[in-house]
Every structure is written in C-alpha cells, then in structure tokens.
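# Commentary on secondary and tertiary structure
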Amino acid sequence: SSITEVLRDIQTNISYALSKGIEKDKIIIDPGIGFGKSYKDNFLILKQLSSFKAFNLPILVGLSRHNFLGEVIKGKVDHCLLCSITANIIAIINGANIIRVNGIEQVSIIKKIIDSIKNNLYYQD
C-alpha cells in the first residue's frame, strides 16, 4: 500500500460520495491508518499526511491503541499512551484536523502549544 494508492482510493470515494449527492462540506477523509496496512505503511502515511491536504477536506486520524506504534518500542505496554500522544502530535503537525485519542487532556495541551508556535500566538487561560 503506497501513499499514491491511498490517495487514489480516497479520491475514488470522494467522487462516489459526491455523485450520490453528498455535499463536499459533509465529507471528512480518513487515510485508514491501521486498516490492512503494514506498520511501515502506517508510519509513511503519518509522515506524508500533508499530501491529503490536496483534497481540501478535513483529515481525521485515529491512532489510539494501534499495534504499529508498539513496534518502535517493542511492545513496552506501559508506554502505549506516550506512543499514541507522540504519534498524534506528528499527525497534528502534519495536517490532521480531527484526531481520535486516548489522553485527551494531554493532547489538548499539546495542541495549544503546537498552535501557538505555528501561529505565533500566546495563550492565556
């Protein structure tokens, strides 16, 4: 599974949805990390997530509890949340608009930091 194949599949699905009368602003794309792909494919999709911005649609990434993250640390279960948070940080930096997470508090803090750096903002609560 290459990025090109995933992009082509998503384009086909978008075209199909539009042909059935679904409005473009109702479509969210999900590159399908973890679904029938090798762990190398999953990391490649995550690394090249910005390619999916070409569709001009929100990108959803669900990385929680995926086994491919454990491949890096050889299954040290006590670090699964840390792996998930780290992968979600990369997803956000690389263009994810919506993420499915475990550890929502941690990720929301990280998202504020990423946004403040990207947008030169200073956050106050």
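Cut-off values and rules
Residues numbered from 1 in each chain as written. Predicted model: local features only at pLDDT ≥ 70, side-chain atom pairs only at ≥ 80, totals over all residues. Heavy atoms only, no water. Helix = DSSP H or I, 4+ residues; strand = E, 2+ residues; numbered from the N terminus. Buried < 20%, exposed > 50% of the residue type's maximum accessible area, 1.4 Å probe, protein only. Areas by Shrake-Rupley, 256 points an atom, 1.4 Å probe, with all protein chains shown as cover. Expected span 1.5 Å × (residues − 1). Core = buried A, V, L, I, M, F, W, Y, C linked by side-chain atoms within 4.5 Å. Contact = heavy atoms within 4.5 Å. Salt bridge = Lys/Arg side-chain N within 4 Å of Asp/Glu carboxyl O. Arc of directions from axis to C-beta. Patch = residues over 30% accessible without salt bridge, like charges linked within 9 Å, V, L, I, M, F, W, Y side chains within 5 Å. pLDDT = per-residue confidence, 0-100.

Of regular secondary structure, the protein possesses five helices and two strands. Starting at the N terminus and ending at the C terminus, the protein contains elements arranged as α-α-β-α-α-β-α. Out of the 125 residues in the protein, the part that is buried amounts to 34%. Only carbon and sulfur atoms are counted for the fraction: they give 56% of the accessible area of the protein, which is about 8,100 Å².

With 15 residues, helix α5 (residues 104-118) extends 20 Å between its outermost C-alpha atoms, agreeing within 8% with the 21 Å of an ideal straight helix rising 1.5 Å per residue. Turning to α5, its buried residues number three or more, namely V107, I110, I114, D115 and S116. Positive phi shows up at N120, right after α5, with a value of about 50°.

Counting 20 residues, the largest nonpolar core has I29, L49, F52 and V61 as its most contacted members. Where this core is concerned, the elements lending two or more residues are α1 (3-19), α2 (39-47) and α4 (80-93). Those residues in contact with F52, other than ones at most four positions away along the chain, are V6, L7, I10, I29, P31, I45 and I59.

Within the secondary structure layout, I92 lies in helix α4. When the C-alpha atoms of I92 and D115 are compared, they prove to be 9.4 Å apart, with 23 residues separating the residues in sequence. Ignoring anything within four residues of it in the chain, the contact list for I92 reads I99, V107, K111, I114 and K118.

A complete count under the given rule lists one salt bridge for this structure. Two residues, K111 and D115, come together in a salt bridge whose shortest N-O distance is 2.8 Å. A residue pair is termed a helical-turn pair when its members lie 3 or 4 positions apart in one helix, as K111 and D115 do in helix α5 at four residues.

Take α2 next. Three or more residues of α2 are buried, namely D41, N42, I45 and L46. The buried side chains of α2 occupy one side of the element, clustering within an arc of 135° when seen end-on. For α2, exposure combined with an orientation more than 90 degrees from the buried face picks out K40 and K47.

A grouping of I109, I113 and I117 is seen on the molecular surface, where their side chains present a nonpolar patch of about 310 Å² in accessible area. Topologically, I109 is positioned in helix α5.

Take the confidence of the model for the protein next. In the predicted model, the protein carries a mean pLDDT of 82, and 79% of its residues have values of at least 70. Looking at the elements of the protein, mean pLDDT is at its lowest for helix α3 (residues 67-73), recorded as 66, and at its highest for α1, recorded as 94.

Further remarks concern the environment of S2. The residue S2 is located in the segment before α1 in this model. Through-space distance from the C-alpha of S2 to that of K37 is 9.4 Å; in sequence the pair is 35 residues apart.

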